[in-house]
Amino acid sequence: MPDLTPPSLVGSKGMPDTSFPAPVSEREMSDQIWKRIRKAKKAKNVFSREWGRFYSLYAGRHWDKARPEWMSEPVVNLTFSTIETILPILTDNRPQISVIPFEPGDIDIARVLSEIVQYLWEHNDMDIKLPKIVKNVLIFGNGFIKVDWDPTAREGLGEIRMTGIDPENILVDPNGTDDESINWMAHVQNVPKSIVRANPAWAGKMESVSNSAYDSSFTIQRKISSQGGKSGLKPTQYTDTQKKQAFDFTDEPSGALDEDNLVTLVEMWERDPATGSMTKSVLANDILLESGPSPFNHNWFPIVHFMDYPVGWNYWASGEVQHVEKLQLEINKRRGMMIDILKFTSMPMLVVDPTSGVDYENIVTRPGLVIPAIGGPGSVSWLHPPRVPGELFAMNDRDKADFDTILGNVDVLQGRKPAGVEAAAAIEALTEAANTRMRLKVRYMEAALRQIGRLVVSMIQQFYNTERVIRVAGRDAETMLDKELDFFSVNSPTGMGPDGQLVLNNIIPPDAEFDIRIGAGSTLPVSRQSRFTQALQLFQVGAIDQVELLKHSGWPRFEEVIARMEQQKEAQIEAMSAQGGEEGAMGGGL
């Protein structure tokens, strides 16, 4: 039977049962959990009820009311442009996640862990998942990645997995403002009942599941096929979180979901404020499927929060769209006004005297049209509208400048040279100043990546207790094309024990302590060319050596170049030593 468990939600499928007797009945515990869920959902709704509208603005659906046929509906999607400018700047460089030991004797272990972290980054396709999470961060202000254990991966060997979660499916303790102050976090998602039944430990309880606690709002569908027709968005096409969030912005009905085959699966992680220990509970609608201590040795929430602009006194952050929504709509309306004026200037309305004999009901205006009329030109004339006021163009430019000012989206970040600036040094100074706000975003992103590293290292120490081979593929595809792949074994067998079991050499002790650091500047949006130019200037004056110059060159395999340089230097030293020895022997003979 195929494994139907969604990797983003059910993280302990197939693991030993660690449930313990609850101090209250399962029904009471279920009611308490749902009470918390509804309270947290109400508190979150202050922010999330706007997310559907923010998404429509990003996707280009800006006209939400029916307008007369003659009125233009232009979409100058500066929101999309801004987000798609910031996104690659934040995610262009792969972060260098390094494991730092606490004790000198753990240096070699830390190097092995660093290699495993890089392997897991590639294994989980994080180069693709991270930009998707950051896009959620820029649109909604919040993004989430879950780090858990998949026991069915690698043919039953198990593997650490990292998956993105829609921010609509996350609820947190409304009494806290960050991951340190909240006492619980929940991942809530509507999934097919067949997925729950696929877990043998849960299948027996599914018979008593009712739809009394089913919450349709956790079925999230954000689909926008185009910018739509003349009618614009219907008011019912995006709603707040108190109702079903279909987010179906297509002009055709999507069809009702088969809710009878769905179940609201709640995975709640709760931290004991006194001891700091973590517990896990899983609900299917109103039935408690499991409850007990966390299956992980660490006492962190396995869900990592990414944020854009933190909001004071609240857990939920704000995104880019929220701060320019009204301005974006004003830009569209003003552009539409200009287009309408130009339209009627090029094809003005025709004024006809009803007694002139002109069949004005069937006449269609076109260039060069000859209209015979009784009474001469006075009977038929064009109604010329006023020209487009220059103030409209000036205001349009002012709106665009305000848009860029609010979001810090200046020309140099988009690769355009600022008007009136010619000197390279001045452009570089402007780029450095423009990156100031971007560096703060990078700081928040690196903090979340650091937490992901902590979770991964802790789970490596816990679950990597069997023999496995890790591939180190190198820095780029060139290494793989040259077939210079490195492999190393974890927990290699050293012999047989007295009970006939293999004795493994555990090179990753579970009690060792490590810290996680993000490589300096590894995710900063800096100019590679300007950084290399600066490094070249420092090398020419002797401030840095060749090794440091190569590090800043962006050369794809600079480590190998450095290694060859070191080998050549050692060979030259040995040759000079041998030559000196020979000359000394010859001098002694004379």
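As a convention, each chain's residues are numbered from 1 in the sequence order in which they are written. Side-chain atom pairs in this predicted model are given and counted only at pLDDT of 80 or more, local residue features only at pLDDT of at least 70, and totals for whole chains, interfaces and linings cover all residues. Each side-chain value is worked out from all heavy atoms of the structure, with water and hydrogens disregarded.

A word on the pattern of salt bridges
Point 1. Here a salt bridge means any side-chain nitrogen of Lys or Arg lying within 4 Å of a carboxyl oxygen belonging to Asp or Glu. A complete count under the given rule lists 22 salt bridges for this structure.
Point 2. When the shortest N-O distance is used, the salt bridge between Lys-441 and Asp-308 registers 2.7 Å. Here Lys-441, found in helix H10 (residues 424-463), pairs with Asp-308, found in the loop between strand E9 (303-307) and helix H8 (325-346); they are 133 residues apart in sequence, far enough to count as distant. Here Lys-441 and Asp-308 have matching classes, each one buried. A helix here means a DSSP run of H or I that spans at least four residues, while a strand means a run of E at least two residues long, and both kinds are numbered starting from the N terminus. Only protein chains enter the calculation, and the probe is 1.4 Å; a residue is then buried if its accessible area is under 20% of its type maximum, exposed if over 50%, and partly exposed in between.

Focus on unusual backbone geometry
Point 1. For Glu-155, which is not a glycine, the phi torsion comes out positive at approximately 55°.
Point 2. As for its position among the elements, Glu-155 is in the loop between strand E2 (142-150) and strand E3 (159-165).
Point 3. Positive phi, close to 70°, is recorded for Trp-313, a residue that is not glycine.
Point 4. On the secondary structure map, Trp-313 appears in the loop between E9 and H8.

Structural notes on the packing of aromatic side chains
Point 1. Only the six-membered ring of Trp is used, alongside the rings of Phe and Tyr, when aromatic pairs are assigned; centres must lie within 6.5 Å, and planes under 30 degrees apart are stacked while those over 60 apart are edge-to-face, with the rest tilted. With the rule as written, the count across this model stands at nine aromatic pairs.
Point 2. Centroid distance Trp-51 to Trp-316: 6.0 Å. Interplanar angle 70°. Geometry classified as edge-to-face. Of this pair, Trp-51 sits in helix H2 (residues 51-59) while Trp-316 is found in the loop between E9 and H8, placing the two residues 265 residues apart along the sequence. In terms of burial, Trp-51 and Trp-316 fall into one category: buried.
Point 3. Centre to centre, the rings of Phe-144 and Trp-316 are 5.9 Å apart; their planes meet at 70°, and the pair counts as edge-to-face. In this pair, Phe-144 is assigned in strand E2 and Trp-316 in the loop between E9 and H8, connecting sequence segments 172 residues apart. With respect to class, Phe-144 is no different from Trp-316; both count as buried.
Point 4. Taken together, the aromatic side chains of Trp-51, Tyr-55, Phe-140, Phe-144, Tyr-315 and Trp-316 make up a single cluster linked through ring pairs.

Focus on the side chain of His-298
Point 1. Inspection of the secondary structure puts His-298 in the loop between strand E8 (287-293) and E9.
Point 2. Residue classification places His-298 among the buried positions, given a relative accessible area of 4%.
Point 3. Working rule for contacts: check all heavy atoms of both residues, and any pair within 4.5 Å makes them a contact. Setting aside anything within four residues of it in sequence, one finds His-298 in contact with Leu-455, Ser-458 and Met-459.

With respect to the sheet that holds E9
Point 1. Whether two strands pair depends on DSSP finding at least two bridges between them. Taken in spatial order, the three strands make up an open sheet running E3-E2-E9, and their pairing is antiparallel. If you trace the sheet from one side to the other, it starts and ends with E3 and E9, each paired once. For this sheet the average axis-to-axis angle between neighbouring strands, irrespective of direction, equals 20°.
Point 2. Direction of pairing for E2 relative to E9: antiparallel, over a ladder of five bridges. Looking across to E9, one finds that Gly-143 is bridged to Phe-306. To get an axis, a line is fitted to the C-alpha atoms, and for a helix only the part in contact is used. The angle between two axes follows their N-to-C directions and goes from 0 to 180 degrees.

With respect to helix H4 (residues 107-123)
Point 1. Helix length check: H4 (17 residues) gives 24 Å between terminal C-alpha atoms against 24 Å at 1.5 Å per residue, within 8%.
Point 2. Those residues of H4 that fall on the buried side of the exposure criterion are Ile-109, Ala-110, Leu-113, Ser-114, Ile-116, Val-117, Tyr-119, Leu-120 and Trp-121.
Point 3. Of the residues trailing H4, Asp-125 is marked for its positive phi of about 55°. What a helix should span is 1.5 Å times the count of its residues minus one.

What about a negative patch on the surface?
Point 1. The patch calculation keeps residues exceeding 30% relative accessible area without a salt bridge and links them within 9 Å when they carry like charges or within 5 Å when they are nonpolar (Val, Leu, Ile, Met, Phe, Trp, Tyr). Note on areas: Shrake-Rupley with a 1.4 Å probe; residue coverage comes only from the protein chains shown. Charge convention: Lys and Arg are scored as positive, Asp and Glu as negative, and His as well as the terminal groups of each chain are ignored. For this purpose, a charge sits on NZ of Lys, CZ of Arg, CG of Asp or CD of Glu. Taken together, the side chains of Asp-545, Glu-566, Glu-570 and Glu-574 define an acidic patch exposed on the protein surface.
Point 2. Relative to the helices and strands, Asp-545 resides in the loop between helix H12 (528-540) and helix H13 (546-551).

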